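Observations on the three-dimensional arrangement
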Amino acid sequence: MRPVIGATATLLLLGHPAPDVFAGAAEYDVDVDVEERAVERLLSVEPADVDTPRSLTFARNVFIPLTTACRYTCTYCTYYDVPGEASLLSPTEVRDQCRVGADAGCTEALFTFGDAPDARYTAIHEQLDAWGFEDIHDYLYRACEIALAEGLLPHSNPGDLTEAQFETLRDVNASMGVMLETTADVDAHSGSRRKTPGQRLHTIRAAGKHGVPFTTGILVGIGEDWRDRAESLLAIRELHERYGHVQEVIVQNVVPNERSDFPKPGLETMRRVVAMARAALPPEVSVQVPPNLSPAAELVDCGIDDLGGVSPVTDDYINPAYAWPDLDGLRAVADAGGLALRERLPTYGRYLPSDLRPSDTSPAPAPAQSKGESWLSSRIRDRIRADDVHGRRLRAVARGDGPLDPQPAGDARASDGSRSR
Ligand code: SF4
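Residues numbered from 1 in each chain as written. Predicted model: local features only at pLDDT ≥ 70, side-chain atom pairs only at ≥ 80, totals over all residues.

**Examining the overall build of the chain**
Each helix and strand in the chain was counted, giving twelve helices and eleven strands. Of all 421 residues assigned to the chain, the portion counted as buried reaches 50%. For the chain, the share of sequence-separated contacts (at least 6 apart) that also reach a separation of at least 24 residues comes to 76%. (Helix = DSSP H or I, 4+ residues; strand = E, 2+ residues; numbered from the N terminus. Buried ≥ 20, exposed ≤ 12 C-beta atoms within 10 Å, placed from the backbone. Contact = placed C-beta atoms within 7 Å.)

In structure tokens, the structure reads:
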């Protein structure tokens with residue numbers, strides 16, 4: 001692989017107050033700026049410049065859209081529902097979905113929703129209040145507790161968060177995430193309520209400060225240009241170099257839907273941007289493409305080493321028209337690159353304690369600030385170490401030796417003689 005980015009810092013860290021290099025950066029005091037020389041180097045990367053990985057991983061999840069309310073209205077998004085139509089899963093529904101997922105051999109409860117509902121979502125706020133929750137993040141904490149009790153590891157994608165929210169939610173999450181999407185100020189995010197790259201970078205930084213293993217990514221084809229893609233990847237790299245918390249970067253293409261006329265990026269575009277991601281990021285950070293949205297088999301030689309969360313029991317509620325491949329479909333992608341297919345937990349191996357980590361995986365540096373030596377809270381570690389059918393499944397996947405063909409937990413429960421909570 002050609003050494004595209006040198007060993008020296010690729011970005012300039014500027015002092016406070018932060019300049020408004022990216023839209024919203026000054027508002028959120030985001031002190032990340034991209035060095036022009038690094039951008040130019042990255043723009044020269046081609047697929048032939050990067051190595052093919054040794055293996056391909058995925059996580060088996062149950063996708064739980066806690067609410068479809070979102071304060072924003074991104075023009076390419078079909079996930080959010082307008083006030084009066086937005087849904088909110090009840091605690092019973094959350095438990096039922098978790099149980100279905102655990103019975104199907106999932107390891108991850110993927111809690112996804114848009115940014116916190118604003119004041120227009122009166123019914124959502126009233127329902128949360130009636131259930132005794134202060135807000136959607138307070139409810140998310142409870143939902144994560146339910147998932148843990150049902151034998152799953154929560155991975156939450158709740159939009160932008162503050163440092164205080166990360167400090168609270170890391171207690172019940174094995175990992176978390178938010179898509180940067182782009183550092184560009186694109187029309188797709190325009191409107192009276194809009195997320196900004198400054199706020200997204202602030203969120204990724206806040207996760208790093210609080211020692212949360214983190215997933216982020218870029219969205220290709222929403223009005224950004226090649227320079228924006230390079231800058232976005234380098235900004236993620238910079239935050240990972242500070243905190244060591246970015247476990248994977250998703251390279252996701254936009255797809256046509258009833259709200260969007262953005263065309264799906266072509267194969268050559270995706271091959272080049274995936275190769276740029278691989279070249280921009282340190283080797284320990286995985287590059288992922290969603291196999292239900294991207295021609296993954298034609299991207300494996302560009303450096304992808306992960307296929308993300310794939311559910312055997314639920315839709316991709318963000319892109320419901322695009323079905324997940326089954327295990328045979330994932331194997332076909334791996335076979336196309338001559339790679340081994342391995343199942344992983346939502347938390348990558350290097351963030352796991354030494355007794356749970358795959359033998360061939362080096363530990364991540366200790367997390368920032370006052371998180372002790374562990375990237376995982378005691379509640380998450382206890383869930384994985386529990387002497388029950390779920391703990392045994394989680395530990396087997398953590399070690400990297402299965403199960404690819406899951407023994408349904410319901411069957412395992414039967415052989416255990418009892419439920420295991
Ligand atoms: S993309 Fe995310 S932030 Fe934008 S409207 Fe959809 S759910 Fe909300």
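**Looking at the nonpolar core**
Across soluble globular proteins, you tend to see nonpolar side chains buried next to one another. Leu42, Leu233, Val251, Val274, Met276 and Ala277 are the most contacted members of the largest nonpolar core, which has 107 residues in total. Beyond its immediate sequence surroundings of up to four residues, Ala277 is in contact with Leu233, Val249, Val251 and Val287. Ala69, Leu88, Tyr121 and Ile124 belong to the second largest nonpolar core, which has six residues in total. (Core = buried A, V, L, I, M, F, W, Y, C linked by C-beta atoms within 7 Å.)

**Side note on the pairing of strand β10 (residues 306-310)**
A regular strand carries its side chains on alternate faces of the sheet. With five of five residues buried, β10 lies mostly within the body of the structure. Sheet topology note: the strand β3 (residues 55-65)/β10 ladder contains three bridges and is parallel. Considered in β10, the bridge of Ala59 is made with Gly309. (Pairing = 2+ DSSP bridges.)

**Quick notes on the site of the ligand**
Every residue close to the ligand is listed here: Cys70, Tyr72, Thr73, Cys74, Cys77, Tyr79, Tyr80, Gly114, Asp115, Gly159 and Lys195. Considering only residue class, the shell around the ligand consists of six nonpolar, three polar and two charged. (Near = placed C-beta within 6 Å. Nonpolar A, V, L, I, M, F, W, Y, C, P; charged D, E, K, R; others polar.)

**As for the environment of Glu224**
Here Glu224 lies in the loop between β7 (214-220) and α7 (226-243). By C-beta crowding, Glu224 is classed as buried, having 20 other C-beta atoms within 10 Å. Sequence separation between Glu224 and Ala188 is 36 residues; the distance between their C-alpha atoms is 9.7 Å. With residues near it in sequence (within four places) discarded, Glu224 still touches Thr182, Ala184, Val186 and Arg229.

**As for helix α4 (residues 136-149)**
Its 14 residues give α4 an end-to-end C-alpha distance of 20 Å, which sits within 8% of 20 Å, the value for a rise of 1.5 Å per residue. All of the buried residues in α4 are Ile136, Tyr139, Leu140, Ala143, Cys144, Ile146, Ala147 and Leu148. Each element contacted by the buried residues of α4 is listed here: α2 (91-103), β4 (108-112), α3 (122-130), β5 (153-157), α5 (163-169) and α10 (378-385). Taken from the residues just after α4, Gly151 is the one with a positive phi, measuring 95°. (Expected span 1.5 Å × (residues − 1).)

**Thoughts on the packing of α7 against helix α8 (residues 267-280)**
In contact at an axis separation of 10 Å, α7 and α8 are set at 30° when each is read in the N-to-C sense. In this view, α7 runs roughly parallel relative to α8, as classed from their interaxial angle. The way α7 lies across α8 gives a crossing that is right-handed. Residues Arg229, Ala230, Leu233, Leu234 and Arg237 of α7 pack against Val273, Met276, Ala277 and Ala280 of α8. (Axes fitted to C-alpha atoms, helices over the stretch in contact; angles between N-to-C directions. Parallel < 35°, antiparallel > 145°, perpendicular 65-115°, else oblique. Left-handed = near helix turned anticlockwise from the far one by under 90°.)

**Section: the packing of α2 against α4**
In a pair of packed helices, the angle between the axes and the distance between the axes together describe the arrangement. For the pair α2 and α4, the least separation of the axes is 9 Å and the interaxial angle reads 35°. Crossing hand, α2 versus α4: right-handed. Of α4, the residues touching α2 (which contributes Pro91, Val94, Arg95 and Cys98) are Arg142, Ala143, Ile146 and Ala147. Residue composition of the contact of α2 with α4, grouped by class: six nonpolar, no polar and two charged.

**Some points on the confidence of the model for the chain**
Predicted coordinates in areas of low pLDDT are best not read in detail. Considering every residue of the chain, the mean pLDDT works out to 89; 90% of them sit at 70 or more. Low pLDDT (under 50) marks residues 1-17, which in the prediction has 35 contacts with non-local residues, meaning those over four places away or in another chain. Segment residues 407-421 is flagged for pLDDT under 50; beyond a separation of four residues in sequence, or across chains, it makes 23 contacts in the model. (pLDDT = per-residue confidence, 0-100.)

**Concerning α10**
For α10, the complete set of buried residues consists of Ile380, Arg383 and Ile384. Projected down its long axis, α10 carries its buried residues within an arc of 95°, all on one side. Away from its buried face, by an angle of more than 90 degrees, α10 presents the exposed residues Ser378 and Asp382. (Arc of directions from axis to C-beta.)

**Some thoughts on the environment of His137**
Summarising the element assignment, His137 is placed in helix α4. Judged by the 19 C-beta atoms lying within 10 Å of it, His137 is partly exposed. The contacts of His137, once residues within four sequence positions are left out, are Pro158 and Gln165.

**Thoughts on the environment of Ala109**
Take Ala109: it is sitting in strand β4. With 44 residues separating them along the chain, Ala109 and Leu153 place their C-alpha atoms 5.9 Å apart.

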